[in-house]
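Listed below, chain by chain, are the residues.
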Amino acid sequence: AQHTGINSYAFYAYDAAWTAALALDSFFNQGGNLTFNVDPTLSGVSRSSLNLSSLHIFQGGQQLLQILLATRYPGLSGEFQFDSQKNLFRPAFDVLNVVGTGSNQIGYWSNYSGLSVIAPEKLYLKPQNTSSSSQTLRSVIWPGQVTKQPRGWVFPNNGKPLQIAVPNRVSYKEFVSKDKDPPGVKGYCIDVFEAAIKLLPYPVLRNYVLYGDGLRNPSFDDLVYDVSQNTYDAAVGDITIVTNRTRIVDFTQPYMESGLVVVTPVRKVKSSAWAFLKPFTVGMWSVTAAFFLLVGAVVWILEHRINSEFRGPPSQQIITIIWFSLSTMFFSHRENTVSTLGRFVLIIWLFVVLIINSSYTASLTSILTVQQLASRIEGIDSLISSTDPIGIQDGSFARDFLIRELNIAESRIRNLKDQQEYVDALLRGPQRGGVAAIVDELPYVELFLSKTNCNFQIVGQEFTKSGWGFAFQRDSPLAVDMSTAILQLSENGELQRIHDKWLSQEGCSTQSEQAEDSRLSLKSFWGLFLICGIACVLALAIFFGRVCHQYSRYAPDALEHEIEPAEPLPVRPSRRLSSTSFKDLIDFIDRKEAEIKEYFKRKDSANSRQSHTSRSHSLDGQQPYSPT
């Protein structure tokens, strides 16, 4: 017979039996009787095969329950008592560490003290302490007879390694390619994958398997499908995350951004006779010319009254304004500015001219050396509307995208094997059996342009947004953990360092960027023109304010006579400025500043003599005082 020993459950059973016996004994001592009644709710189910109508209700159930809850005695399993929630008072358990077929006690747990290595009975005598620092257990022996805490979910060391498919690329081997040294593959994608694996909290045994014959790039759709069919455990490489692939496998977080772009050949610009007009837009030329004339007119107004170089016949003054304004372009103006306001405006304007000249020179230099498109393709829209052949990379998802999403005829698609076929097809063009443009992902295109000395350009904008990720079988825990590891690589800068190691190539600007930089518009200089305009308005306001103040003191009748040095001008009560004619004001402004000041000086002298004469006559006309 099998030997059966006593365990803790036998103690609980013994205490339960004694509790029921003590409760019944107390129940009978209190005059209780064992009486039962028929449950009226079960009378309607007498025909049931379960014979529920034979069940009866114990009439003393509530009294017996209260006696049970109040029972308290020292049992074999410990102090037997119930709390207000009808739970055992201060229950305690041993914490066991199961090792193989045996177990070790590593501590205790109770609702009074939590986890501890001290028996709860001793802790009951102390104040309750449930802080995290007091929660301790003895050393745990983990599977494998180790005391070090395991890192998490693991692959067994003696298990089968993961079979990871790697595309055997023919072109763009910087991303992934075959290698003679372990682990058998190399490239940007492999370095990212290996760096992410090192961040996982568990080891992963892996074996890289090349996918493809090495003669042409493999189909990435087929590669992802084989992973979904359990042919491979994962796929590592430049695999684009697209909708139809996410339905059959799990992808990690993208480790590189990607998107489809259009590439076309370019040629050097041929200089034209009107190339010097291209640096500025029409609006910029118009505003610049207007400000040249405006500043010339403002300086003439400010200098006309005090500077003889800005006086003369009307035709000569107009020529002076035009000559002065245009000569400031080359800082070769011969006329000297005398007034403070004129010098203030001229300094501001010369600063604006300096900035405009420098920008014009830089823009013209860029235009004379810029490249232009050798075809009429300017982006994906013009490519769709044309009928020219389109080149794509072998194995790329771009083929299905162009056909299904953009409705481009399949007969227009040309598969290209490597970068050399890219160059040949673009240079031949559609008329000689080549292609008008190539549609490929941005990482490939950037590498292609850098290796062809920027003889080709990206036109338009990216018309898709996606990324590259690693593919795993559905519901694989590695997909989630690798996504977290890729985010860590991005945050600590390791992802950028790997990128710089493999793909640090000098980039090429796009055709749209060059076109944008070659011509300068008004929006780049409106701040300078605003400052210059404010300076002109402020100077004119001060000038005309001073002129109006002088004119208010000037006798209008004096405008009809030339100012004679020997005789003072007649003085009449001045009229309000609004009552005089505009012609009088213009004539006053046209006079020299020296004449006006001389007139005011004589007028003040005449008024002084007249006031002195009036006081003398007043004193002579007084009668001497005589007492009555």
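Procedures and definitions
Residues numbered from 1 in each chain as written. Predicted model: local features only at pLDDT ≥ 70, side-chain atom pairs only at ≥ 80, totals over all residues. Heavy atoms only, no water. Axes fitted to C-alpha atoms, helices over the stretch in contact; angles between N-to-C directions. Helix = DSSP H or I, 4+ residues; strand = E, 2+ residues; numbered from the N terminus. Parallel < 35°, antiparallel > 145°, perpendicular 65-115°, else oblique. Contact = heavy atoms within 4.5 Å. Patch = residues over 30% accessible without salt bridge, like charges linked within 9 Å, V, L, I, M, F, W, Y side chains within 5 Å. Areas by Shrake-Rupley, 256 points an atom, 1.4 Å probe, with all protein chains shown as cover. Salt bridge = Lys/Arg side-chain N within 4 Å of Asp/Glu carboxyl O. Pairing = 2+ DSSP bridges. Right-handed = clockwise from strand over helix to strand, strands pointing away. UniProt positions renumbered as here; feature names shortened; annotations may be inferred. Phe/Tyr/Trp six-rings, centres within 6.5 Å; stacked < 30°, edge-to-face > 60°. Buried < 20%, exposed > 50% of the residue type's maximum accessible area, 1.4 Å probe, protein only. Core = buried A, V, L, I, M, F, W, Y, C linked by side-chain atoms within 4.5 Å. Lys, Arg positive; Asp, Glu negative; His and termini not counted. Polar contact = N/O pair within 3.5 Å; in protein donor to acceptor, adjacent residues only side chain to side chain.

1. Examining the packing of helix H4 (residues 188-198) against helix H14 (residues 477-491)
No. 1: Two elements in contact, H4 and H14, have axes whose closest approach is 9 Å; the angle formed by their N-to-C orientations is 105°. Judged by the inter-axis angle, H4 sits roughly perpendicular to H14. Along the contact surface, H4 presents Val192, Phe193, Ala195, Ala196 and Ile197, while H14 presents Met482, Ala485, Ile486 and Leu489.

2. Regarding a nonpolar patch on the surface
No. 1: Together, Ile6, Phe11, Tyr14, Trp18, Leu22 and Leu76 give the surface a local cluster of nonpolar side chains, amounting to about 630 Å² of exposed area.
No. 2: Positionally, Leu22 belongs in helix H1 (residues 8-29).

3. So, the pairing of strand E18 (residues 413-416)
No. 1: Of the strand pairs in this sheet, strand E17 (residues 390-393) and E18 are connected by four bridges, and their pairing is parallel. If you follow Ile390 over to E18, its bridge partner there is Ile413.
No. 2: Remark: the E17/helix H11 (residues 398-405)/E18 crossover connection has right-handed handedness.

4. Things to note about the UniProt feature "transmembrane region" (unreviewed entry) in the chain
No. 1: Residues given the UniProt feature "transmembrane region" (unreviewed entry) here are residues 280-302, 344-362 and 525-544.
No. 2: With 91% helix and 0% strand, the stretch residues 280-302 has end C-alpha atoms that lie 31 Å from each other.
No. 3: The distance separating the terminal C-alpha atoms of residues 525-544 is 29 Å; by composition the span is 95% helix and 0% strand.

5. Focus: the packing of aromatic side chains
Any two aromatic rings considered together are summarised by their centre-to-centre distance and by the angle between their planes.
No. 1: What the rule picks out here adds up to 30 aromatic pairs.
No. 2: Ring plane angle 80° and centroid distance 6.0 Å describe the contact between Tyr211 and Tyr232, whose orientation is recorded as edge-to-face. Pair noted here: Tyr211 is in strand E11 (residues 206-211) and Tyr232 is in the loop between helix H5 (220-228) and strand E12 (234-240), with a separation of 21 residues, a long-range link.
No. 3: A relative accessible area of 13% means that Tyr211 is categorised as buried.
No. 4: Of the residues examined, Tyr232 reaches a relative accessible area of 14% and is grouped as buried.
No. 5: Members of the aromatic cluster, connected to one another through ring pairs, are Tyr172, Phe175, Tyr188, Phe193, Tyr208, Tyr255, Tyr422, Tyr444, Phe448, Phe456, Trp468 and Phe470.

6. Details of the nonpolar core
No. 1: In terms of nonpolar packing, the biggest core is built from 52 residues, with Phe175, Tyr188, Phe193, Tyr255, Phe448, Phe470 and Met482 touching the most fellow members.
No. 2: Tallying contributions element by element places H4 first for this core, with eight residues.
No. 3: Apart from residues no more than four positions distant in its own chain, Phe448 is found in contact with Tyr172, Val263, Gln419, Tyr422, Val423, Leu426 and Phe456.
No. 4: Ranked by size, the runner-up nonpolar core spans 35 residues in total, among them Val299, Trp349, Val353 and Ile356.

7. Observations regarding the pattern of salt bridges
No. 1: A full pass over the atoms with the stated rule returns ten salt bridges.
No. 2: The shortest N-O distance in the salt bridge between Asp191 and Lys501 comes to 3.1 Å. Within this pair, whereas Asp191 is found in helix H4, its partner Lys501 is found in helix H15 (residues 494-503), the two being separated by 310 residues in sequence.
No. 3: For Lys465, the salt bridge identified is with Glu462, shortest N-O distance 3.4 Å.

8. Quick word on the sheet that holds strand E6 (residues 102-110)
No. 1: Pairing in this open sheet of three strands is antiparallel, and the strands run E5-E6-E7 from one edge to the other. Each having just a single partner strand, strand E5 (92-99) and strand E7 (114-116) make up the two edges of the open sheet. Sheet twist, expressed as the mean angle between neighbouring strand axes with direction ignored, is 40°.
No. 2: Where E5 and E6 come together, eight bridges link them in antiparallel fashion. Across the sheet, the residue bridging to Val99 is Gly102, located in E6.

9. Notes on the side chain of Asp226
No. 1: Mapped onto the elements, Asp226 comes out in helix H5.
No. 2: No salt bridge is formed by the buried Asp226; the nearest opposite charge belongs to Arg245, separated by 12 Å.
No. 3: Side chain to side chain, Asp226 and Tyr211 meet in a polar contact 2.8 Å long.
No. 4: Once you skip the residues sitting within four places of it in the chain, Asp226 turns out to touch Tyr211, Thr231 and Tyr232.

10. What to know about H4
No. 1: Extensive coverage of H4 is indicated by the burial of nine of its eleven residues.
No. 2: When we look at burial in H4, the residues that qualify are Tyr188, Cys189, Ile190, Val192, Phe193, Glu194, Ala195, Ala196 and Ile197.

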